[in-house]
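Summary of the model geometry
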Amino acid sequence: MSPSAEQWAAAVAAVRSAGAGDEVLLICHVNPDGDALGSMLGFALGLRRLGFTRIQATFPGQFSIPDPYAGLPGLDLLVPETDAYGDPGMVMVFDVASESRLGGLAGRLAAAPRSVVLDHHASNTGFGQVRLVDPLAAATSVVAEQLLSRLDVPLDAEIAECFYVALATDTGSFKFDMTTVAVHELAARLIATGIRPGEISRRIFDSKPFGAMKLTGEVLGRAVLDPAAAGGLGMVWTYATLSDLERYSQPPYVLDTLIDPVRSVAEADVSVLVKQVGTREWSVSLRSKGAVDVSGVAISQGGGGHRLAAGFTGFGEPDDVVATVRRLLDDFLN
Ligand code: 5GP
Ligand code: MN
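Residues numbered from 1 in each chain as written. Chains lettered and ligands numbered in written order. Predicted model: local features only at pLDDT ≥ 70, side-chain atom pairs only at ≥ 80, totals over all residues. Heavy atoms only, no water.

Remarks on the UniProt feature "domain: DDH" (unreviewed entry) in the chain
Mapped onto this numbering, the UniProt entry annotates "domain: DDH" (unreviewed entry) at residues 24-166. Helix makes up 30% of residues 24-166 and strand 16%, and the two end C-alpha atoms of the span are 21 Å apart. (UniProt positions renumbered as here; feature names shortened; annotations may be inferred. Helix = DSSP H or I, 4+ residues; strand = E, 2+ residues; numbered from the N terminus.)

Quick look at the coordination of the manganese ion (ligand 2)
Protein-derived ligands of the manganese ion (ligand 2) are Asp-35 (OD), Asp-95 (OD), His-120 (NE2) and Asp-170 (OD), with the metal-ligand distances lying across 2.2 to 2.3 Å. Positions of the donor residues of the manganese ion (ligand 2), expressed as sequence spacing, correspond to D-x59-D-x24-H-x49-D. Placement of Asp-35 in helix H2 (residues 34-49) and of Asp-170 in helix H5 (residues 157-170) is noted, with a sequence separation of 135 residues between them. Side by side, Asp-35 and Asp-170 carry an identical accessibility label, which is buried. (Donors = N, O, S within 2.8 Å, 3.2 Å for Na, K, Ca; no water. Buried < 20%, exposed > 50% of the residue type's maximum accessible area, 1.4 Å probe, protein only.)

Looking at the pattern of salt bridges
Enumeration according to the criterion identifies 16 salt bridges in this entry. A salt bridge links Arg-48 to Asp-76, with the shortest nitrogen-to-oxygen separation between them at 2.6 Å. You can see Arg-48 sitting in helix H2 and its partner Asp-76 sitting in the loop between strand S2 (55-58) and strand S3 (90-94), a full 28 residues away along the chain. By relative accessible area, Arg-48 is classed as partly exposed at 34%. On the basis of relative accessibility, which here comes to 56%, the residue Asp-76 falls in the exposed class. Across the pair Glu-317 and Arg-280 runs a salt bridge whose closest N-O atoms are separated by 3.1 Å. Here Arg-280 lies in the loop between strand S8 (270-278) and strand S9 (281-288) and Glu-317 lies in the loop between strand S11 (309-315) and helix H12 (318-333), a separation of 37 residues in the sequence. Under the relative-accessibility criterion, Glu-317 is labelled partly exposed at 38%. In this structure Arg-280 comes out as partly exposed when scored by relative accessible area, which is 46%. (Salt bridge = Lys/Arg side-chain N within 4 Å of Asp/Glu carboxyl O.)

Quick notes on the sheet that holds strand S1 (residues 24-28)
Across the sheet, which stays open at both edges, the 5 strands sit in the order S2-S1-S3-S4-S5 with parallel pairing between neighbours. A single partner strand is all that each edge strand has here, and the edge strands are S2 and strand S5 (130-133). In this sheet, adjacent strand axes meet at a mean angle of 15 degrees when their direction is disregarded. Relative to strand S4 (residues 115-119), S3 is paired through 4 bridges, and the arrangement is parallel. Each bridged residue has a counterpart across the sheet, and for Val-93 the counterpart in S4 is Val-117. Each of S1, S2 and S3 is contacted by H2, which is oriented at about 165 degrees to S1, the strand it contacts most. Relative to the sheet, helix H4 (residues 140-150) contacts S3, S4 and S5, its axis offset from that of S4 by approximately 130 degrees. (Pairing = 2+ DSSP bridges. Axes fitted to C-alpha atoms, helices over the stretch in contact; angles between N-to-C directions. Contact = heavy atoms within 4.5 Å.)

Describing the site of ligand 1
Looking at ligand 1, there are 13 residues lining it, with His-121, Ser-285, Arg-287, Gly-304 and Ala-310 nearest. Interatomic distance of 2.9 Å between a side-chain N/O atom of His-121 and an oxygen atom of ligand 1. His-306 places a polar side-chain atom, nitrogen or oxygen, 3.3 Å from an oxygen atom of ligand 1. Of all the secondary structure elements, the ones that give two or more residues to the shell around ligand 1 are S9, strand S10 (304-305) and S11. For the shell around ligand 1, the element with the highest residue contribution is S11, accounting for 4 residues. A per-class count over the shell around ligand 1 returns 3 nonpolar, 8 polar and 2 charged. Mapped onto the domain boundaries, the shell around ligand 1 takes at least three residues apiece from domain 1 (5-205) and domain 2 (210-333). (Near = heavy atom within 4 Å. Polar contact = N/O pair within 3.5 Å; in protein donor to acceptor, adjacent residues only side chain to side chain. Nonpolar A, V, L, I, M, F, W, Y, C, P; charged D, E, K, R; others polar. Domains from an automatic or database assignment.)

What follows is the structure in structure tokens.
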């Protein structure tokens, strides 16, 4: 269900009732991607246009910005979790499907006198005072742009670049099923501000260090195709360890898009990338071409996501994690 007229009105009222001098803390999910950062920073710039003077944007965990997003407008508003306002007058949350994805910042949301949650995950667990959760939106930036429009903030090139990066990221460069007429209409309005889609796409999709290319080759080289998995629909999987990253001197974010070549395998409906994040701890990316709802698997393991793209944290060795996914797929298909 998309947000109701009452929910939109409540969100507008929450922002309008905060004073321009109030501290506003914007939070997106741990290990932020293009939609998390883009929707949050675009909205933060919109708040600045509204006259707010005390704005911080942050996310939990390690404070590192993936290189593709290092040039985003509004980054001057970004602070590490440890520097974030302790007692903000308003908290706004972007692209976060469950409170666990807020890490140590969940308490700020709970304590805030005003809070607004903007999201597009069908698996959103329902938290925060005002909830703008639209599972039909291709990206959280779609929701953020609608709220700015209802607050009468016009799009400018800086806001538009943030929202465009978010939209392009979450639609897989305008390729996924969620790429509707409305998505292209929004993209057109964003481009009309003068931003350069070719240059932005090159930066966020088509630029990587040589070492990342070599690492990709090694991780793809060890992929396994399991044609009998997922009720015979097929599953392809591979894994990347922290020592792989170290060997090629690469930061973890280079693994964020590695699921894309894996999921292009024609013989498998389901693809899995198991990325090491700690000792016997793995961040698992799941993709489906349509026959299987992988969010069910992710949610059953404490994660979340969308029908065709989901994730969770797994434990043990990569073989164990994949065996669990294989078993759950069979359970869900039976
Ligand atoms: P990715 O595989 O690109 O990291 O994530 C795919 C989708 O699953 C995204 O929508 C992301 O928000 C969601 N997702 C990935 N990992 C987790 C997780 O651990 N918990 C939750 N709630 N969602 C996740
Ligand atoms: Mn998103």
